[in-house]
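Fold and contact review
These are the residues of each chain, in order.
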Amino acid sequence: MTIAYVGIDSHATVSFANELSESYKKIKPISEDYLKKIPDEEYILDSGDTIQIRVSEEINKIESPILINGDGTVFLPNLNRVYVAGLTINELSSILNDAYKEFILNPSVQIEIISYRPITIFIEGEVNNPGRKVLDGALSAESLKTSFNSPSLEERFDYGNELNFANKIDSINSFELNTNFYFPTIFDAIRSSGGITEYSDLKRVLIVRKDTLSNNGGFKSTELNLEKSLTFEDASQNIRILDGDRIIMQRLSKPNQSSIIDAIEYDLNPKFINVSVFGRVNAPGKITLTRKSTLNDAITISGGAKTLRGKIKLISFENNGAIQNRIINYKKRNSRGSKNNPFLKEGDLIIIDSSFLSNSSEVIAELTSPFQGLFSTYGLIKAISD
């Protein structure tokens, strides 16, 4: 039986194979020096980290995972209670090698981090919601399995009972160590802060970080250019963030709307915002809009404005904590992004004829809810009534 292959040019196939073979020949061999490219940034251990320690290849004195407890100490065979917080893996390995020489011939301590503590970072400047943020120190490809086979967060951070934690892990026969970690980066910190603003200078992002004890401690800083990292042209600047990092998003002199568009497209900024429209509209309340929505869009989504007898106010909060209060000259044909039809931000309040507030304490309570924790009720009502 003859099999006919339709649509395959045998000459073209041979030609492609030859080209592929030649391209392999042009690949430069990689030397062993590549293995020496150890990053300068070292993780600093602290309370909440769980580590695994091997003292030597011959004698495995410590087999169970060890949780660094709330005061930064762990209990080790022969050494008893020792303080390890503030040390890197290399620093702790070196110290333990010296300490175990009294008990073991030629110790060769190896330390591995089993689970990472949550990290606290501070982000300020041109982001939508600056301040203190707490993020997971690491996530596995399976989001650190949440099934009953994995220790709960309470078990992981039971600082007062490290031995109990280790025993629980040992008792779970099906426990599997997943080392396919994803570590949070600068972009994750920005996402946790609501994304960038139109004034964010992605070319000048300052990060201040704790230095290692080997480098005399203290802090060090560097400036990053995240512009190309945003569009995946150069991911090298989107570095991993560590506990205690301070990130400063500097301000442009002029707004840059294109960076907001890129931020939404590449999932740095949320695609939707929540705003509130109250007063003389057919369906007042909180609504969800796309990030590029304007004041007119919000009024339309709220059923359109009734006959206007008062003024329209747009109340926004700035990322520096100030309240911005604007009077809007509303017209249906106002240009998008113009003074009287501006783009909206998360939490904006649009009030059509604010006189209605004087007779409704219930509406006042609902109106202030987006600002709870940001401003006093008195300050917000003053902004409404002015």
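Placed above this text is the structure.
In this report, the structure presented in the accompanying data block is examined. Along each chain, residue indices are assigned from 1 in the same order as the chain's sequence is written. Local features in this predicted model are restricted to residues whose pLDDT is 70 or higher, and side-chain atom pairs enter the listing and the counts only when it is 80 or higher, whereas totals over whole chains, interfaces and linings include all residues. Based on all heavy atoms of the structure, the side-chain values leave hydrogens and waters out of the count.

The five strands lie next to each other as β14-β13-β17-β15-β16, forming an open sheet whose pairing is mixed. Sheet topology places β14 (285-290) and β16 (323-328) at the edges, where each strand pairs with a single neighbour. Direction aside, neighbouring strands of the sheet carry axes that sit 25° apart on average. Two strands pair if DSSP finds at least two bridges between them. Helix numbering and strand numbering both begin at the N terminus, where a helix is a DSSP run of H or I of at least 4 residues and a strand a DSSP run of E of at least 2. Lines are fitted to the C-alpha atoms to define the axes, a helix being fitted only along its stretch in contact, and any angle between axes, read from their N-to-C directions, falls within 0 to 180 degrees.

Here a cavity means grid points, on a 1 Å grid over the protein atoms only, where a 1.4 Å probe fits yet cannot get out; a pocket means an open set of points with protein on both sides within 12 Å along at least five of seven lines; lining residues are those with an atom within 4 Å of a point. Grid points are joined across faces, edges and corners, and a volume is the space filled by probe spheres set on the points. In the structure shown here, the tally under the stated rule is one cavity of 30 Å³ or more. Approximately 40 Å³ is the volume found for the largest cavity. The wall of the largest cavity is formed by Glu41, Glu42, Ile44, Arg209, Lys210, Asp211, Thr212, Lys220 and Leu242.

In this section: the pattern of salt bridges. Salt bridge, as used here: a side-chain nitrogen of Lys or Arg that lies within 4 Å of a carboxyl oxygen of Asp or Glu. Following the criterion strictly, the structure yields twelve salt bridges and no others. Notably, a salt bridge pairs aspartate 98 with lysine 101, separated by 3.5 Å at the nearest N-O pair. Per-residue accessibility, obtained with a 1.4 Å probe over protein chains only, is compared with the maximum for each type, and a residue is labelled buried under 20%, exposed over 50%, and partly exposed between these values. Overall, the relative accessible area of 56% leaves lysine 101 in the exposed class. Within this structure, Asp49, Arg117 and Asp243 form a network of salt bridges that share partners.

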